[in-house]
Every structure is written in C-alpha cells, then in structure tokens.
Amino acid sequence: MRIPFTKMQGAGNDFVVLNETQGRFGLTAAHYRLLADRHFGVGADQILTVCPAPAPGVDFEYLIHNADGAEVEQCGNGARCFARFVRDQGLTDKDTIRVQTRGGVIEPHLNADGRVTVNMGAPVFELADIPFDATGLHPQVAGLWQKWPLALVDAAHEATVYVAVLSMGNPHAVQVVADVDTAPVLAQGPLIEHHASFPHRVNAGFMQVVDRGHIRLRVYERGAGETLACGSGACAAVAAGIRLGLLDDTVQVQTHGGTLSISWAGASAPVLMTGPATTVFHGEINLPDHL
C-alpha cells in the first residue's frame with residue numbers, strides 16, 4: 001500500500017505524521033517499526049497519527065507509536081508538531097485545539113511567533129497512577145518531596161541511582177546529575193527503562209541544574225532510546241526540579257536539539273511547554289500490505 005506522510009521535527013525530536021482523518025490505514029507494529037527505521041524507512045523517533053475527534057468537546061485524536069512499534073500515552077514535542085500539522089494541512093482554523101491522547105486531553109496553542117505552547121495537564125505523583133511499584137524501597141527525602149533508589153545491575157554495570165518519579169501522561173524517572181555530557185545515559189538508560197519497579201517501562205531523564213531558571217537535559221526514551229529532545233521529559237524534569245526545591249516556576253530546558261520553555265505553578269496547575277515545530281518534507285512510501 002502507498003501512504004502519504006509528513007516528516008516533522010520539534011527541537012530535533014523527529015516524527016512521521018500520518019493523516020488518518022478519512023480512514024485508518026490499518027498499520028501494524030511492524031509497519032510502524034519500518035516507518036521509523038532510518039535505513040529502510042523514513043526514519044523517526046515516533047510515528048504520530050491524526051484521527052477524527054472520538055467524542056464531543058475535542059477536535060482530534062492523537063495516536064503515538066514509538067520507534068519499536070509500541071503505542072504510548074504521550075509525546076510533548078510531537079504534540080507541538082501535531083498542532084502545526086493540522087493547521088498547515090487545513091484540518092482546522094483554530095489557534096487552540098483540544099486533542100485526545102491515551103494520556104488524557106491536551107491543548108496545543110499556535111503562537112504568533114511560530115512556536116507552539118502545549119497545555120500538558122497537571123503532573124501525576126501518585127505512585128499507583130504513574131505506575132511505580134515501590135515495594136521494598138525506602139525513599140530519600142529531598143526538598144518537600146522524595147527520591148527513590150533503583151538498583152541497576154547488568155553484566156557490565158552495577159549502581160544505585162536515586163530518581164524522582166512522576167507521570168506527564170507517560171511515566172518518567174528523573175535523576176539529577178552533575179554534568180549531562182558525562183552522565184551514563186546510554187549505560188543506565190536501558191536499565192532504568194526496563195526496571196521492575198516500572199510495570200509499563202519508563203522514560204529516564206538526566207537533569208543538570210545550571211541555575212534556578214535553566215537546566216540541561218538528556219532523556220533515554222521508552223521504546224526509542226536517547227533522542228535529541230523529549231517534550232514530556234522536559235516537563236517532567238522541571239516539575240520534579242520544582243518539587244525538589246531546585247527550580248523556579250519557569251525554566252529554560254536546553255536539550256541537544258534545542259531549547260524548550262517550561263512553566264508550572266505547582267499543585268494541580270497544568271504544565272505549559274513552548275517550543276518549535278517544523279515541517280521537514282512531505283512524501284509517500286510503499287509499505288507491504290502484510291508485515
């Protein structure tokens with residue numbers, strides 16, 4: 001089958017966007033893996049699908065598949081690209097849209113300067129809702145919150161790291177490091193992602209606090225590996241840093257792919273993320289009917 005697609009990127013986090021508002025393509029996990037493959041497909045960290053509104057009060061449904069083919073709940077950089085796509089394709093004339101995701105309803109807003117602000121909803125800290133299994137673990141008090149010890153063991157690596165755990169519609173484990181350039185992201189990232197305490201796996205964030213309004217961040221994303229930027233990871237890192245007493249309520253997050261602005265007023269207030277969303281090219285690809 002021959003399907004049209006749009007390649008987009010937000011702060012270097014790159015996506016294949018599919019318009020399925022007129023009908024589903026019937027893609028399998030193997031199709032998504034092929035689309036994401038940088039040698040045999042288009043190449044992307046995630047595949048984003050635009051679907052019709054599933055219920056009154058929302059404008060679209062937003063489906064996200066990671067490069068490994070698994071469907072996930074949320075993708076913040078993808079949400080900005082989603083908003084840019086539906087506007088540029090004439091699917092809406094609204095500046096603010098309501099979008100249903102597996103992780104809840106989000107509200108991207110297209111700004112006059114070309115950037116997109118996404119209301120990512122309030123962070124979730126209840127362990128069962130992340131989900132995070134703390135059985136047998138004893139937290140370390142940090143600020144007005146706590147960090148949890150994770151024992152990381154494989155044939156080449158053994159360490160205990162302390163992480164702040166929360167959900168931004170998808171699960172995150174954030175650890176504070178002295179320098180993201182030397183942090184063992186590629187060694188520890190897979191071990192944290194697959195740690196037994198996270199039954200749905202987890203995104204592993206490595207945050208360097210530069211000052212109270214500026215952090216540097218690397219994220220090893222669940223099902224995608226390290227990416228140039230992770231929007232929900234930036235939101236999670238800032239929310240964690242604020243609760244740990246390390247950050248103010250508006251923070252510039254520097255990633256390898258660019259800078260995101262994250263604001264959170266605390267408590268049940270939503271996290272607001274602002275950053276770029278860029279169309280790279282449009283194309284078509286032939287996919288096997290059965291894969």
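On the secondary structure map, Asn170 appears in the loop between strand S11 (157-167) and strand S12 (171-176). Excluding residues that lie within four positions of it along the chain, Asn170 makes contacts with Glu73, Gln74, Asn203, Arg222 and Ser232.

So, on to unusual backbone geometry. Put simply, Ile130 and Pro131 share a cis peptide bond, and its omega is -10°. Notably, Ala11 is not glycine yet its phi reads approximately 60°, a positive angle. Looking at where Ala11 falls in the secondary structure, it is placed in the loop between strand S1 (2-10) and strand S2 (13-19). With a phi close to 55°, Ala267 is a non-glycine residue in the positive phi region. Within the element layout of this structure, Ala267 appears in the loop between strand S17 (258-264) and strand S18 (271-275). We classify Ala267 as exposed; its relative accessible area is 68%.

This brings us to the pairing of strand S10 (residues 145-154). Direction of pairing for strand S9 (residues 140-142) relative to S10: antiparallel, over a ladder of three bridges. Residue pairing across strands places Gln140 opposite Lys147, the latter belonging to S10. Connecting S9 to the next strand, S10, in antiparallel fashion are two residues, including Gly143 with a positive phi near 60°. Where S10 and S11 come together, seven bridges link them in antiparallel fashion. Among the inter-strand pairings, Asp154 is bridged to a residue of S11, identified as His157.

Now for the packing of aromatic side chains. Aromatic ring pairs: the centre-centre distance and the angle between the two ring planes describe each pair. The final tally for this structure, using the stated rule, is seven aromatic pairs. On the basis of an interplanar angle of 80° and a centroid distance of 5.9 Å, the ring pair of Phe5 and Phe281 is categorised as edge-to-face. In this pair, Phe5 is assigned in strand S1 and Phe281 in strand S19 (residues 278-286), connecting sequence segments 276 residues apart. The exposure class of Phe281 is partly exposed, given its relative accessible area of 36%. With a centroid separation of 6.0 Å and an interplanar angle of 45°, the aromatic rings of Phe125 and Trp264 are classed as tilted.

Definitions and cut-offs
Residues numbered from 1 in each chain as written. Predicted model: local features only at pLDDT ≥ 70, side-chain atom pairs only at ≥ 80, totals over all residues. Heavy atoms only, no water. Helix = DSSP H or I, 4+ residues; strand = E, 2+ residues; numbered from the N terminus. Contact = heavy atoms within 4.5 Å. Buried < 20%, exposed > 50% of the residue type's maximum accessible area, 1.4 Å probe, protein only. Pairing = 2+ DSSP bridges. Phe/Tyr/Trp six-rings, centres within 6.5 Å; stacked < 30°, edge-to-face > 60°.

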